[in-house]
Amino acid sequence: MKPVSVTFLGSGDAFGSGGRFQTCILVEADEHRFLVDCGASSLVAMKKRGVSPSTVEAILVTHLHGDHFGGIPFFLLDAQFSRRASPLAIAGPPGLEARTRAAMEVLFPKSSETPPRFPLRFVELAPEAAAQVGPLRVTPYPAVHFCGAPAYALRVEYDGRIIAYSGDTQWTEGLVEASAGADLFICEAYFFDKKVKFHLDYQTLAAHRQSLTSRRLVLTHMSDDMLARAAEAGIETACDGLVVEL
Ligand SMILES: [Zn+2]
Ligand SMILES: [Zn+2]
């Protein structure tokens with residue numbers, strides 16, 4: 001099997017904790033490149049790491065919060081001005097296209113009305129129904145997180161490799177299924193032990209650790225609280241620039 005690499009271009013939360021970029025995970029395999037989430041700072045994060053946006057063929061979105069999809073208007077504007085020609089698919093929860101177009105209009109008026117120079121396709125994913133997005137098989141699992149639309153954890157399969165990502169969610173048994181047997185499970189750990197609605201803390205995750213069967217588990221989307229106590233965590237933590245080879 002050819003190598004698949006996962007790069008954390010952004011491992012941060014919505015608040016810039018630790019000076020980290022907002023969620024943006026790059027997956028590279030063969031000639032394929034795709035993003036999992038595209039937070040508001042993602043275009044900067046990509047260019048900082050020398051990743052050409054025009055080589056990204058799909059953006060998968062867990063949920064419609066700015067730190068997970070807010071970079072898409074910038075990505076699309078850059079694509080238009082840099083004369084991107086290659087097709088782009090953007091896949092995520094129901095409401096993805098309307099919310100993206102609304103965000104584009106707020107940030108760059110008329111940008112959503114301008115026909116793109118490249119084939120652009122939105123794919124709205126139904127819960128627990130596998131969908132094919134280019135070479136990827138994507139299965140969304142319901143997350144417990146309020147964002148004005150359904151929120152998902154995603155299970156992504158490519159060439160025999162499985163990558164799962166929790167998105168933002170409080171603990172739900174769906175995470176067990178989404179990450180079952182995965183090569184890599186990327187999971188939110190927002191606080192160390194503080195319990196809040198709609199988010200996961202490290203201790204809750206650790207209590208469910210035995211039910212998770214991924215080969216590797218990496219924590220991300222950490223607040224200042226969690227970052228300060230990351231050394232106490234018995235689970236690997238992400239940082240911007242971390243590369244995981246699968
Ligand atoms: Zn978030
Ligand atoms: Zn969120």
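Up top you'll find the structure we're talking about.
Cut-offs applied
- Residues numbered from 1 in each chain as written.
- Chains lettered and ligands numbered in written order.
- Predicted model: local features only at pLDDT ≥ 70, side-chain atom pairs only at ≥ 80, totals over all residues.
- Core = buried A, V, L, I, M, F, W, Y, C linked by C-beta atoms within 7 Å.
- Buried ≥ 20, exposed ≤ 12 C-beta atoms within 10 Å, placed from the backbone.
- Helix = DSSP H or I, 4+ residues; strand = E, 2+ residues; numbered from the N terminus.
- Contact = placed C-beta atoms within 7 Å.
- Pairing = 2+ DSSP bridges.
- Axes fitted to C-alpha atoms, helices over the stretch in contact; angles between N-to-C directions.

### With respect to the nonpolar core
Among the nonpolar cores identified, the biggest contains 69 residues, and Ile 25, Leu 35, Ile 59 and Leu 60 are the most heavily contacted of them. For this core, the leading source of residues is helix α3 (residues 72–81), giving five residues. Once residues within four sequence positions are removed from consideration, Ile 25 is found in contact with Val 6, Phe 8, Leu 9, Leu 35, Val 36, Asp 37, Tyr 165 and Ile 186.

### Quick notes on the sheet that holds strand β6 (residues 120–124)
With respect to topology, seven strands assemble into an open sheet ordered β6-β5-β4-β3-β2-β1-β13, the strand pairing being mixed. Only two strands of the sheet have a single partner each, and these edge strands are β6 and β13 (243–245). Taken pair by pair, the neighbouring strands of this sheet meet at an average axis angle of 20°, ignoring direction. The pairing of strand β3 (residues 32–38) with strand β4 (residues 58–60) spans three bridges and is parallel. Opposite Val 36, over in β4, you have Leu 60 as the bridge partner.

### Section: the environment of Cys 38
With respect to the helices, strands and loops of the structure, Cys 38 is situated in strand β3. Residues Cys 38 and Ile 72, 34 residues apart in the sequence, show an inter-C-alpha distance of 6.3 Å. Here Cys 38 is in contact with Cys 24, Ile 59, Val 61, Phe 69, Gly 71, Ile 72 and Phe 75, once residues within four sequence places are set aside.

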